[in-house]
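Analysis of the macromolecular model
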Amino acid sequence: MENKKNKIILYNRILLLINKGLFLFTLLVFTAKYLNPTYFWFISILALCVPFLLIIHLCFVIYWALLKRKFALISGITLLLGLGHWNKIVNFSTNDKPSPNSISIMSYNVKGFVNWPNYQNNNAKQLFKMLQKQNTDIYCIQEFYKTKNITPTKVQKTTKTN
């Protein structure tokens, strides 16, 4: 019985040590939005872990709340500091209208018009009409190759809206 209790104490100490290390690591990752990624690129890459870190901290809060309430503060504080990151992970907005400052981007892979047998005529025109209907601010056309019949200038002139 004594041996089992010692194992549980050791297990909790190891988890506490992991929790404290994760707390420091998460604080480092939270600083990524204030650092220039040119010089601190590694921290910027680590910022991709934020959703997972917040979920792990949530699990730690639940675990420590059930056992030792004071240790739940470690991850609880981290979750409070990470509130600004939650809205980037889970969108709670009910507003369907884009903000006036937003831009729209459309990416379309034309695969070099391989499946467009007569691309310089009707099919390309249909594509450009579809692009025009989207009323998008930025078009990203992938695998688009300049030919004598289709050039970026012609695409730009075709898709311009008045």
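Above this text is the structure in question.
Let us look at helix H1 (residues 2-30). The terminal C-alpha atoms of H1 lie 42 Å apart, and with 29 residues this matches the ideal 42 Å at 1.5 Å per residue to within 8%. The set of residues buried in H1 consists of Asn12, Leu15, Leu16, Asn19, Leu22, Thr26, Val29 and Phe30.

Taken as a whole and judged by the stated rule, the model has three aromatic pairs. With 5.8 Å between their ring centres and 90 degrees between their planes, tryptophan 41 and phenylalanine 42 make a pair best called edge-to-face. Summarising the burial analysis for this pair, tryptophan 41 and phenylalanine 42 share the class exposed. Ring centres of tyrosine 63 and tryptophan 64 lie 5.1 Å apart, and the angle between their planes is 75 degrees; on these two criteria the pair is classed as edge-to-face. Exposure remark for tryptophan 64: the relative accessible area of 0% places this residue in the buried category.

Glancing now at the side chain of threonine 78. Within the secondary structure layout, threonine 78 lies in helix H4 (residues 72-81). Residues contacting threonine 78, with those up to four places away along its chain left out, are Phe23, Thr26, Phe30 and His57.

We now examine H4. The set of residues buried in H4 consists of Ala72, Ile74, Ser75, Thr78 and Leu79. What you see down the axis of H4 is that its buried residues fit within an arc of 165 degrees, all on one side. Facing away from the buried side of H4 by over 90 degrees, the exposed positions are Leu73 and Leu80.

Turning next to a nonpolar patch on the surface. Judged by side-chain polarity, Trp41, Phe42, Ile45 and Leu48 come together as a nonpolar surface patch covering roughly 480 Å² of accessible area. Its place among the elements puts leucine 48 in the loop between helix H2 (41-46) and helix H3 (50-67).

What counts, and at which threshold
Here the residue index of a chain counts from 1 through its sequence in written order. pLDDT decides what is reported in this predicted model: residues at 70 or higher carry local features, side-chain atom pairs at 80 or more are listed and counted, and totals for whole chains, interfaces and linings draw on all residues regardless. Excluded from the side-chain calculations are hydrogens and water; all other atoms, namely the structure's heavy atoms, are used. Comment: elements are numbered from the N terminus, with helices defined as DSSP H or I runs of at least four residues and strands as E runs of at least two. The span expected for a helix works out to 1.5 Å for each residue beyond the first. Classification of residues uses two cut-offs on accessible area relative to the type maximum, computed with a 1.4 Å probe and protein chains only: under 20% is buried, over 50% is exposed, and between them is partly exposed. Stacked, tilted and edge-to-face pairs are distinguished by plane angle, under 30 degrees for stacked and over 60 for edge-to-face with tilted covering the rest, among Phe, Tyr and Trp rings (Trp via its six-membered ring) whose centres lie within 6.5 Å. Two residues qualify as a contact provided that any one of their heavy atoms is within 4.5 Å of a heavy atom in the partner residue. By definition, the arc is the one covered by directions from the helix axis to the C-beta atoms. Every patch collects residues that have over 30% relative accessible area and no salt bridge, joining them within 9 Å if they carry like charges and within 5 Å if they are nonpolar side chains (Val, Leu, Ile, Met, Phe, Trp, Tyr). Each accessible area value is a Shrake-Rupley result obtained with a 1.4 Å probe; residue values ignore everything except the protein chains displayed when judging cover. When a carboxyl oxygen of Asp or Glu lies within 4 Å of a side-chain nitrogen of Lys or Arg, that pair is called a salt bridge.

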